[in-house]
Amino acid sequence: MADRTVLVWIVAIVCFVVLMFVTPTIPQDQDYHDFADQREFFGIPNFLNVISNVPFFIVGVIGLILCFHRNFFKLSLQGELCGWTCFYIGVAAVAFGSSYYHLKPNDARLVWDRLPMTIAFTSIIAIFIIERIDERKGTYAIIPLLLVGVVSIFYWRFYDDLRPYALVQFVPCIAIPAMAILLPPMYTHSSYWLWAAGFYLLAKVEEAADDPIYKWTHQIVSGHTIKHLFAAMVPVFLTLMLAKRDIISERKSLLQIWKISWTKYKGNGVETENHIITYTSVPIEEESRE
């Protein structure tokens, strides 16, 4: 098992190095800082893009408190507490980092916007490893993953190359939904992970459509402001999941428990057949050999 873990890390590092050699650098586009809604209210520039970060602080603080309040989240593994603590610290810090950036958008301030988000991303990966692969490995992975995220930010800042940071953002977007579906969870309400991933995906779409949304809403609200609100729904869903879930005795992945069902009706609406099939109950037919 230890040899396999080392092999995985070696393969990951080699793939990263090869990727850095074969792909061109990705500099930060300065048009990124030119947001559609730049209105000032109450003396605060870019007011809605600033104030829409408040939900991150609220959810982050609530989550952090509940992590330590009489084990409200029923965390059964010590590594989980470390992982979720880092996650909620990152979420709460997004409110300050993103607000600071949007007051005067530029590369120097963007560092403090992206840094707490990266802490949250990498913490989630460690949490998944703890819950669904191996507690000890996941716990040991928290610090290295956080360092990878931090290094990717400063690499971009000093070398104006977004490739490592893009990888840190892209990998969780693929890995988290995939692991949520394929790997058996320890707890119930695992589908909340997919709701969180869905809202994050919508947030990225709204970020890309910043100016069109501002025009479609007749300059009431921009895509980037809505992006903040949808992104804040990610920790909301994960907090609800933690509050509602329980340890399950028989671990099955979402892929195993999802059901396919159909019903046949006659022309007059009378039900004739009703079928419900899970992935685990699909019969396997052996090929006949002559």
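For clarity, every value in this text was computed on a predicted model and none was experimentally measured.

What the chain contains, in helices and strands, is 11 helices and 2 strands. Here the chain, with 290 residues, has 41% of them falling under the buried criterion. Considering only residue pairs separated by 6 or more positions, the chain has 70% of its internal contacts joining residues 24 or more positions apart. Approximately 16900 Å² of the chain is accessible, and the part contributed by carbon and sulfur atoms is 68%.

The next subject is the UniProt feature "transmembrane region" (unreviewed entry) in the chain. As annotated in UniProt, the feature "transmembrane region" (unreviewed entry) corresponds to residues 7-27, 47-69, 81-103, 115-133, 140-159, 165-183 and 225-243 in the numbering used here. The span residues 81-103 shows a helical share of 100% and a strand share of 0%, and its end C-alpha atoms are spaced 34 Å apart. Taken as a whole, residues 225-243 contains 100% helix and 0% strand, while its terminal C-alpha atoms sit 28 Å from one another.

Attention now goes to unusual backbone geometry. You will see that F42, though not glycine, has its phi angle at about 55°, which is positive. For F42, a relative accessible area of 75% translates into the label exposed. Phi at H218 is positive, roughly 55°, even though this residue is not glycine. Relative to the assigned elements, H218 resides in the loop between α9 (210-216) and α10 (223-244).

What follows deals with the side chain of K227. Here K227 is to be found in helix α10. Residue classification places K227 among the buried residues on the basis of a relative accessible area of 10%. Not counting chain neighbours up to four residues away, the residues in contact with K227 comprise A203, E206 and E207.

Attention now moves to the packing of aromatic side chains. Counting across every chain of the model gives 19 aromatic pairs. Ring centres of F41 and F47 lie 5.6 Å apart, and the angle between their planes is 75°; this geometry places the pair in the edge-to-face category. Using a relative accessible area of 14% as the deciding quantity, one classes F47 as buried. By way of ring pairs, the aromatic residues F72, F73, W84, F87, Y88, F128 and W193 are connected into one cluster. Residue placement shows R114 over the ring face of W156; its charged tip is 4.9 Å from the ring centre. Here the guanidinium or amino end of R245 rests over the ring plane of Y187, the centre of that ring lying 3.5 Å away.

We now examine the nonpolar core. Of all hydrophobic cores here, the largest spans 55 residues; its most connected members are W84, F87, I124, W193 and L238. Of all the elements in the fold, those that place two or more residues in this core are α3 (54-68), α4 (78-103), α5 (107-132), α6 (135-159), α7 (163-182), α8 (192-208) and α10. At 13 residues, the largest contribution of residues to this core is made by α5.

Among the secondary structure elements, E207 is positioned in helix α8. Apart from residues lying up to four places away in sequence, E207 is in contact with Y32, G223, H224 and K227.

Turning next to the packing of α8 against α10. Relative orientation of the contacting elements α8 and α10 amounts to 175°, with a least axis distance of 8 Å. Our classification of the angle between α8 and α10 gives roughly antiparallel. Class assignment for the residues of the contact of α8 with α10 results in 17 nonpolar, 2 polar and 4 charged.

Summed over all chains, the structure comprises 8 salt bridges. For the salt bridge of K215 with D211, the shortest nitrogen-to-oxygen distance reads 3.1 Å. Taken as a pair, K215 and D211 lie in helix α9 at a separation of 4 residues, close to a single helical turn. Beyond isolated ion pairs, a larger network of salt bridges with shared partners links E80, E131 and R245.

What counts and how
Residues numbered from 1 in each chain as written. Predicted model: local features only at pLDDT ≥ 70, side-chain atom pairs only at ≥ 80, totals over all residues. Heavy atoms only, no water. Helix = DSSP H or I, 4+ residues; strand = E, 2+ residues; numbered from the N terminus. Buried < 20%, exposed > 50% of the residue type's maximum accessible area, 1.4 Å probe, protein only. Contact = heavy atoms within 4.5 Å. Areas by Shrake-Rupley, 256 points an atom, 1.4 Å probe, with all protein chains shown as cover. UniProt positions renumbered as here; feature names shortened; annotations may be inferred. Phe/Tyr/Trp six-rings, centres within 6.5 Å; stacked < 30°, edge-to-face > 60°. Lys NZ or Arg CZ within 6 Å of the ring centre and 35° of its normal. Core = buried A, V, L, I, M, F, W, Y, C linked by side-chain atoms within 4.5 Å. Axes fitted to C-alpha atoms, helices over the stretch in contact; angles between N-to-C directions. Parallel < 35°, antiparallel > 145°, perpendicular 65-115°, else oblique. Nonpolar A, V, L, I, M, F, W, Y, C, P; charged D, E, K, R; others polar. Salt bridge = Lys/Arg side-chain N within 4 Å of Asp/Glu carboxyl O.

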